[in-house]
Amino acid sequence: MADIHNQAFTRERPWTSEEFTLLLGQPNTRSFSLNRSFAVGRLILGELEILTLACAPSHQRQGNAFALLSELLAIASKEGGHSAFLEMAADNLAAKALYNKLEFELVGRRSDYYRRKDGIRCDALVLRKRLILSQ
Ligand SMILES: CC(C)(COP(=O)(O)OP(=O)(O)OC[C@H]1O[C@@H](n2cnc3c(N)ncnc32)[C@H](O)[C@@H]1OP(=O)(O)O)[C@@H](O)C(=O)NCCC(=O)NCCS
């Protein structure tokens, strides 16, 4: 996961294997993977937080992230989740298009939230999607 994360997030500080191990050891946190792509989410009190999502450049634009997130959202809904949210860099056009396709809505903006490897700061967008509760 650290390797894929490093390849996919070219402008951010890469997350280490140790950080992934710690993250995945936290309660209510789980990961899904497919074709050198993965998503990590945490469901707490009915709210799914999408913590990270990455697809290796060699496997992008093949529907992997869409499939992973669709699965994550469906499972959260089955487990009683009522909404999903995430933060993303405001200038990440691929992520914007992906979440738009999944019908997430913009609910907030955090100024200068991310600090890039080169020191430049970037706003975060907060997106939310209501989940349809399934029985
Ligand atoms: C964003 C990311 C996860 C998308 O992964 P992916 O597997 O390539 O995405 P998919 O193939 O499932 O694409 C689904 C939809 O997202 C949109 N999309 C994905 N990549 C896009 C791009 N480069 N440009 C424009 N739209 C894009 C499109 O709407 C696409 O649907 P379409 O192919 O029918 O047009 C991938 O580009 C990535 O890992 N980027 C770096 C890390 C990152 O930004 N993670 C998300 C942080 S919030």
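Further up the page is the structure itself.
Attention here is on the structure that accompanies the text. (Residues numbered from 1 in each chain as written. Predicted model: local features only at pLDDT ≥ 70, side-chain atom pairs only at ≥ 80, totals over all residues. Heavy atoms only, no water.)

1. Focus: the overall build of the protein
1) Next: If you tally the helices and strands in the protein, you get four helices and six strands.
2) Next: Scanning the protein from its N terminus toward the C terminus, one meets helices and strands in the order α-α-β-β-β-α-β-α-β-β.
3) Next: Taken against the 2.2 N^0.38 rule, which gives 14 Å for 135 residues, the C-alpha radius of gyration of the protein at 14 Å falls within 12% of a compact globule.
4) Next: If one aligns the C-alpha atoms of the protein with their principal axes, the spans along those axes are about 45 × 30 × 30 Å.
5) Next: Burial statistics for the protein: of 135 residues in total, 40% are counted as buried.
6) Next: Restricting the contact set of the protein to residue pairs at least 6 apart, pairs at least 24 apart contribute 57%.
7) Next: Carbon and sulfur atoms make up 52% of the accessible area of the protein, which amounts to about 8,100 Å² in all. (Helix = DSSP H or I, 4+ residues; strand = E, 2+ residues; numbered from the N terminus. Rg over C-alpha atoms; globule rule 2.2 N^0.38 Å. Buried < 20%, exposed > 50% of the residue type's maximum accessible area, 1.4 Å probe, protein only. Contact = heavy atoms within 4.5 Å. Areas by Shrake-Rupley, 256 points an atom, 1.4 Å probe, with all protein chains shown as cover.)

2. Remarks on helix α4 (residues 93-101)
The α-helix winds at 3.6 residues per turn, so residues separated by three or four positions along the chain end up facing the same way.
1) Next: Taken together, the buried positions of α4 are occupied by Ala95, Leu98 and Tyr99. Looking straight down α4, one finds its buried side chains confined to an arc of 90°; they lie on one side. In α4, those exposed residues whose orientation departs by more than 90 degrees from the buried face are Leu93, Asn100 and Lys101.
2) Next: Once α4 ends, the next one or two residues include Glu103, with phi positive near 65°. (Arc of directions from axis to C-beta.)

3. Considering the pairing of strand β3 (residues 47-55)
1) Next: Counting buried positions along β3 gives seven out of nine residues, so the element sits mostly inside the fold.
2) Next: In terms of strand pairing, strand β2 (residues 37-44) meets β3 through eight bridges, oriented antiparallel. Note on β3: the bridge partner recorded for Ser37 is Cys55.
3) Next: Joining the antiparallel neighbours β2 and β3 is a turn of two residues, in which Leu45 adopts a positive phi near 50°.
4) Next: Relative to strand β4 (residues 83-89), β3 is paired through three bridges, and the arrangement is parallel. By the bridge assignment for β4, Glu49 is matched with Phe85. (Pairing = 2+ DSSP bridges.)

4. Focus: the nonpolar core
Nonpolar side chains tend toward joint burial in soluble globular proteins.
1) Next: Counting 24 residues, the largest nonpolar core has Leu48, Leu69, Tyr99 and Phe104 as the members making the most contacts within it.
2) Next: When residues of this core are assigned to their parent elements, the largest contribution, six residues, is made by helix α3 (residues 64-78).
3) Next: In contact with Phe104, not counting residues within four places along its chain, are Ile50, Leu73, Ala84, Leu86, Tyr99, Leu127, Arg128 and Lys129.
4) Next: Core analysis: the second largest hydrophobic core is formed by nine residues, Ile4, Phe20, Leu51 and Ala56 among them. (Core = buried A, V, L, I, M, F, W, Y, C linked by side-chain atoms within 4.5 Å.)

5. What about the pattern of salt bridges?
1) Next: Counted by the stated rule, this structure contains 10 salt bridges.
2) Next: Residues Arg11 and Asp91 are paired through a salt bridge, measuring 3.3 Å at the closest nitrogen-oxygen approach. In this pair, Arg11 is assigned in the loop between α1 (2-8) and α2 (17-24) and Asp91 in the loop between β4 and α4, connecting sequence segments 80 residues apart.
3) Next: Of the residues examined, Arg11 reaches a relative accessible area of 43% and is grouped as partly exposed. (Salt bridge = Lys/Arg side-chain N within 4 Å of Asp/Glu carboxyl O.)

6. Observations concerning unusual backbone geometry
1) Next: The phi torsion at Asn35 lies on the positive side, around 40°, for a residue other than glycine.
2) Next: Phi at Glu103 takes a positive value of approximately 65°, unusual for a residue other than glycine.
3) Next: Take Glu103: it is sitting in the loop between α4 and β5 (105-115).
4) Next: Residue class for Glu103 comes out exposed when judged on its relative accessible area of 58%.

7. Examining the environment of Tyr99
1) Next: By the secondary structure assignment, Tyr99 is in helix α4.
2) Next: Taking the C-alpha atoms as reference points, Tyr99 and Asp3, 96 residues apart in sequence, are found 24 Å from one another.
3) Next: Sequence-distant contacts of Tyr99, that is, excluding residues within four places in its chain, are made with Leu53, Leu69, Leu86, Met88, Phe104 and Leu127.

Nothing here speaks to function; it is geometry throughout.
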